[in-house]
Amino acid sequence: MPFNSLTFLLFFAVVLCAYRCSRKWQVKKGLLLLFSQVFYAAWNPPFLVLLWVTTFVNWWLARQMNRESSEARRKAYLLLSLIASLGLLSYFKYGGFLVENFVAILALWGIDFKPLPFNLILPIGISFYTFHALSYTIDTYRRQTVAAASLSDFALYMSFFPQLVAGPIVRATHFLPQLLTNRSPTSDQLGWGLILVIFGLFQKTVLADAIFAPVVDQLYLQPAIASGWDAWAGILAFSGQIFCDFSGYSTCAIGLALCFGLHFPENFRAPYGAIGFSDFWRRWHISLSSWLRDYLYIPLGGSRGSSLSNGRALMLTMLLGGLWHGASWMFLLWGGLHGGYLLLERLTQRLVPTLRRHFSDAALAMATFLVITLTWIPFRAHDQTTALAVVSALFRTGFPNLLPNSLFSSLACALGIVVLHITNRERNLRDWFLKIPRPAQTMLLGLCLIGIFLVSGGEPRGFIYFQF
Amino acid sequence: MALSTSNSELFAHRPDWIWVLAGALLMLLAYVGITEAALSEKGFSPTVNDTEALWLNERERASSLGQGALILVGASRIQLDLDLRVLREKTGLEPVQLAIDGSSYVPVLQGLARDPTIRGTVVVDLMPGPVSFEVGPTGTSQHYQSEYDTFSAGNVRWPTYRTLDAWLARVIRPHLINFADGGRPWDSLVNRVTNANASPQYLSSFADRSRQADYQRVTMPDFYLRRVYRHIGSPVEIDINQSTDHLARQLTEYIGRLHPMPESEQTQKGLLDLEDAVAAIQLHGGTVIIMTMPTSGLVQEADSRRFPRALYWDRVAANTTARTIHWQDHPGLAGFVCPDGSHLDKRDTVAFSNAFVIVAGLGRP
């Protein structure tokens, strides 16, 4: 159940009451584990089995690794974990894509191959819990996990409902130690947790769904008839939508975890205030980018070695990062473009001081934002035809088809987010919120609640990152 | 706006958030209270929302009731014109309202035809015009039917939480005027609370999916003329914002110039498809009645000019084994006036439903 549904409101109230009524830590953890299974089953009960299998296999392999002294055997266990986890992920997420491309390649050779239909439903959250599992087994192999977790603790780490389906990708080394001691949230944690949930829901339901999504949908449904105004408004709106949708989810997840006294790492840090692309990736989906850095980029050689091997590692990481979002050439292209920008940035590092002398940080951040916005086009478009149609619409003249209200509200909100990010690059939401007077805090939060109420009533729109 | 939301290391200040949260909640409650009062003051009241979940419930009933079901298929006319209480009392059958406002009846009828458990009486409201079973993949009725097909094939409709969500919405929203008529509170704020010229709420929706229209609450003839304008496809050459007299004259002239829509190959195919669906339902043991609901004034004039009876309705009647009822053929059904040209007023639905039961031969033996 998504956080923006009435069912979740009821579910959360029940879980929180049950949690606060329990005293023993084992009971509290048991409740969280049980309710997390219910949360996942609310989407698709049969896929619980897949989650359990991934959980048990990785837990058992990590335990074997902990017990084993032979490096060769430990490596074999790690390999098994990688094969099992990535195998399942590949089968469900990339199976259809691979078959489709295999057929296309055969067709190039004049071979007409008709495979059986590959109609699999993608288990929700599989990309996220697979990365959770791998962070545990890889860290265990590297002897970086504090202590071997019990099966129930590991299962809770894998399935804890705030982060189960769309992250943030919490590392085992960050989460499991928290399960060793009784977590009773203070009133500060509970209050701030609830405030974060309200902010997150506001981002999702008001900004992403009500203001940005209609403008984006109109452009990508009919790019051929969009004017330049519609196209620019649409791509800027998608920058706003993808941020508010995913950051909204992460903010809710962090807030929900805090209500149970558990801490999650931050996932976004004013990303549209980034100056350059490496700065952007330090601020956008931080839990994924740091995961890719630690478990893929560095093992591939990282910044050691020659420029060539360094560039290869970087490009491979970004391509796989793109592909992680979905089985599509468009995601691969998106990852490749970002890989290209990062490479270019490294190659032209010497120019950075000159650029900074001539341009303000705000101008450089705006330029970065503009490139990032254009690069979202292949990410949002389902195919290259749509992507090219959107790009060509950017240069079209004519009056906007969008209603003035939609056009101006989405432009104003998108630019508002950018300005807020640029002016608060190093500031934390909590710091910012604490600095404003108490009545203003109340007023702001009240307006967020009223906003959420105003746009409620339709079918809740799913979070974009659920599909990844 | 979340700039960053780290929660692990930033608890140096320990403010008491309870007052902030309580204040914010009070603001929300105050907003809801004030808008509810304002809407009520303006004459609006809460309504049941005609949702997918409600339709799916009714669709399940259509199957489970077997021969005892009186299944109504169509769009807004059959939903507004027939009184389910009268049908229940006079026929001894259990009415099931499957009509979907503004959407094609075809996917629903095809779904009934495919379902061997449909053994009741199916009443299809056929609007004047060509019969075509070529419907696109989108549309409300297509979506509802496809959800039902998934469910009835033994597959769980994912995600499963939606069932509970729909139930919670049904518990909460019908009590708030902010959600009346299927709108969001934002729509209520913009179109009703802050709009001095807000259209009065003339439609009521009920839990059994029936609806009623109270045309005494709207301004006539403006409301009627706007309905006529929409019915003929909102032609660009007519300015909807001109004076009532001018608009009436221009609409009358426009409709006077309408010609019969020529038949096509698709027309014949549509008739065959319709008969296939009828025959399939009859094969299960069901009965089908195809009827056309009353219209009045310029709506009727437009329909009869574009879709002359001899070219359209008579061919439907000649090509189907279903019982057919045209309202003009029965004095009991023909004596009603549709205030907006297309639908009956709620004060007429009881009498019309009684007449329909007699004409259709559905009265208790």
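All residue numbers refer to positions counted from 1 along the written sequence of the respective chain. Key to labels: chains lettered from A, ligands numbered from 1, both in the order written. In view of the model being predicted, local features appear only for residues whose pLDDT reaches at least 70, and side-chain atom pairs are presented and counted only at 80 or more, with totals across whole chains, interfaces and linings using the full set of residues.

Peer 1: Can you walk me through the overall build of chain B in this structure?
Peer 2: Helix and strand definitions follow DSSP, with helices as H or I runs of at least four residues and strands as E runs of at least two, each counted in order from the N terminus. Tallying secondary structure elements over chain B gives 15 helices and seven strands in all. Dimensions of chain B, computed from the C-alpha atoms along their principal axes, are close to 85 × 55 × 40 Å. Out of the 365 residues belonging to chain B, those deemed buried represent 40%. What counts as a contact is two residues whose backbone-derived C-beta atoms lie within 7 Å of each other. Look at the contacts in chain B between residues 6 or more apart in sequence, and 79% of them connect residues 24 or more apart. Exposed residues have 12 or fewer other C-beta atoms within 10 Å of their own C-beta, buried residues have 20 or more, and partly exposed residues fall in between, where C-beta atoms are placed from the backbone.

Peer 1: Just to check I follow, could you spell out the overall build of chain A for this structure?
Peer 2: Broken down by element type, chain A carries 20 helices and zero strands. For a compact globule the rule gives 2.2 Å times the number of residues to the power 0.38, and the radius of gyration it is set against comes from C-alpha atoms. The C-alpha radius of gyration computed for chain A amounts to 23 Å, which stays within 12% of the reference 23 Å derived for 468 residues, consistent with globular compactness. Principal axes of the C-alpha set define a box for chain A whose edges measure 65 × 65 × 50 Å. Considering chain A as a whole, with its 468 residues, one finds that 47% of them fall into the buried category. A sequence separation of at least 24 residues applies to 76% of the contacts in chain A between residues at least 6 apart.

Peer 1: In this structure, what is going on with the sheet that holds strand β3 (residues 121-125) of chain B? I would like to understand it.
Peer 2: Strands in a sheet are paired, the pairing made by backbone hydrogen bonds, and the direction either parallel or antiparallel. Residue and element names in this part refer to chain B. The criterion for strand pairing is that DSSP finds at least two bridges linking the strands in question. The five strands are arranged β2-β1-β3-β6-β7 in an open sheet whose pairing can be described as parallel. A strand with exactly one partner marks an edge of an open sheet, and here the two such strands are β2 (94-97) and β7 (323-326). On average, each strand axis in the sheet is tilted by 20 degrees relative to the strand beside it, whichever way the strands run. Fitting a line to C-alpha atoms yields each axis, with helices limited to the stretch in contact; the angle taken between N-to-C directions then spans 0 to 180 degrees. Here helix α2 (residues 52-64) sits on the sheet and contacts β1 (69-73) and β2; the angle it forms with β2, its principal contact strand, is near 140 degrees.

Peer 1: Hey, could you run me through the nonpolar core in this one?
Peer 2: A general tendency of soluble globular proteins is for nonpolar side chains to be buried together. If you look at the biggest cluster of nonpolar residues, it comprises 138 residues, and the most contacted ones within it are Tyr157, Ile195, Ile198, Phe212 and Val390 of chain A. Each of domain 1 (6-184) and domain 2 (189-467) of chain A contributes no fewer than three residues to this core. Counting residues in each nonpolar core, the second largest holds 57 residues, with Ile71, Val108, Ala113 and Leu126 of chain B among its members. A set of buried residues qualifies as a nonpolar core if it consists of Ala, Val, Leu, Ile, Met, Phe, Trp, Tyr and Cys joined through C-beta atoms within 7 Å. Where each domain starts and ends comes from a domain assignment, either automatic or drawn from a database.

Peer 1: Would you take a moment to explain unusual backbone geometry for this structure?
Peer 2: Residues Met220 of chain B and Pro221 of chain B are joined by a peptide bond in cis, for which omega reads 10 degrees. Despite not being glycine, Arg143 of chain A shows a phi value in the positive range, around 60 degrees. Phi is positive for Ala270 of chain A, which is not a glycine, with a value near 40 degrees. Structurally, Ala270 of chain A is set in the loop between α10 (228-259) and α11 (277-281).

Peer 1: So what exactly am I meant to see when it comes to the domain arrangement of chain A here?
Peer 2: All names here are of chain A. Along its sequence, chain A is carved into domain 1 (6-184) and domain 2 (189-467). The C-alpha-based centres of domain 1 and domain 2 are spaced at 25 Å. Across the boundary between the two partners, domain 1 contributes 26 residues, which contact 22 residues of domain 2. For the side of domain 1 that touches domain 2, the secondary-structure elements that each account for two or more residues are α1 (6-21), α4 (71-108), α5 (126-141) and α7 (161-164). When residues of the side of domain 1 that touches domain 2 are assigned to their parent elements, the largest contribution, five residues, is made by α5.

Peer 1: It is not clear to me how the interface of chain A and chain B should be interpreted in this structure. Could you clarify?
Peer 2: Frequently, the measure chosen for interface size is the accessible area that the parts lose on association. Chain A puts 54 residues into the contact, and the matching count from chain B is 40 residues. Contributing elements (two or more residues each) for the side of chain A that touches chain B: α1, α9 (187-221), α10, α18 (404-423), α19 (429-435) and α20 (438-454) of chain A. The greatest single-element share of the side of chain A that touches chain B, amounting to ten residues, is contributed by α9 of chain A. Under this grouping Gly is polar, as are all residues other than the nonpolar Ala, Val, Leu, Ile, Met, Phe, Trp, Tyr, Cys and Pro and the charged Asp, Glu, Lys and Arg. A class-by-class count of the residues in the side of chain A that touches chain B yields 28 nonpolar, 20 polar and six charged.

Peer 1: Explanation requested: the packing of α1 of chain A against helix α7 (residues 161-172) of chain B in the structure shown.
Peer 2: Two packed helices can be described by the angle between their axes and the distance between those axes. Their axes nearest at 8 Å, the elements α1 of chain A and α7 of chain B cross at an angle of 95 degrees. One element, α1 of chain A, and the other, α7 of chain B, form an angle in the roughly perpendicular class. Between α1 of chain A and α7 of chain B, the contacting residues are Leu6, Thr7 and Leu10 of chain A on the first element and Tyr161, Leu164, Asp165, Leu168 and Ala169 of chain B on the second. A class-by-class count of the residues in the contact of α1 of chain A with α7 of chain B yields six nonpolar, one polar and one charged. Orientation labels follow simple angle bins: below 35 degrees gives roughly parallel, above 145 gives roughly antiparallel, 65 to 115 gives roughly perpendicular, and whatever is left gives oblique.

Peer 1: Explain α5 of chain A to me, please; I cannot follow it from the model alone.
Peer 2: Every α-helical turn comprises 3.6 residues, leaving residues that sit three or four positions apart pointing alike. The end-to-end C-alpha distance of α5 of chain A, which contains 16 residues, comes to 22 Å, matching closely the 22 Å that a straight helix rising 1.5 Å per residue would cover. Of the residues one or two after α5 of chain A, Arg143 of chain A is the one with positive phi, at around 60 degrees. The span one expects for a helix is its residue count, reduced by one, times 1.5 Å.

Peer 1: I keep staring at the packing of α2 of chain B against helix α6 (residues 140-152) of chain B and nothing clicks. Help me out?
Peer 2: Residues and elements named next belong to chain B. For the pair α2 and α6, interaxial distance at closest approach is 10 Å and the crossing angle is 55 degrees. What the angle tells us is that α2 and α6 run oblique. Crossing of α2 over α6 shows right-handed handedness. Where α2 abuts α6, its residues Glu52, Trp55, Leu56 and Arg59 lie against Tyr144, Glu147 and Tyr148. For the contact of α2 with α6, the per-class residue count stands at four nonpolar, no polar and three charged. It is the rotation of the near helix from the far one that decides the hand of a crossing: anticlockwise by less than a right angle makes it left-handed, clockwise makes it right-handed.

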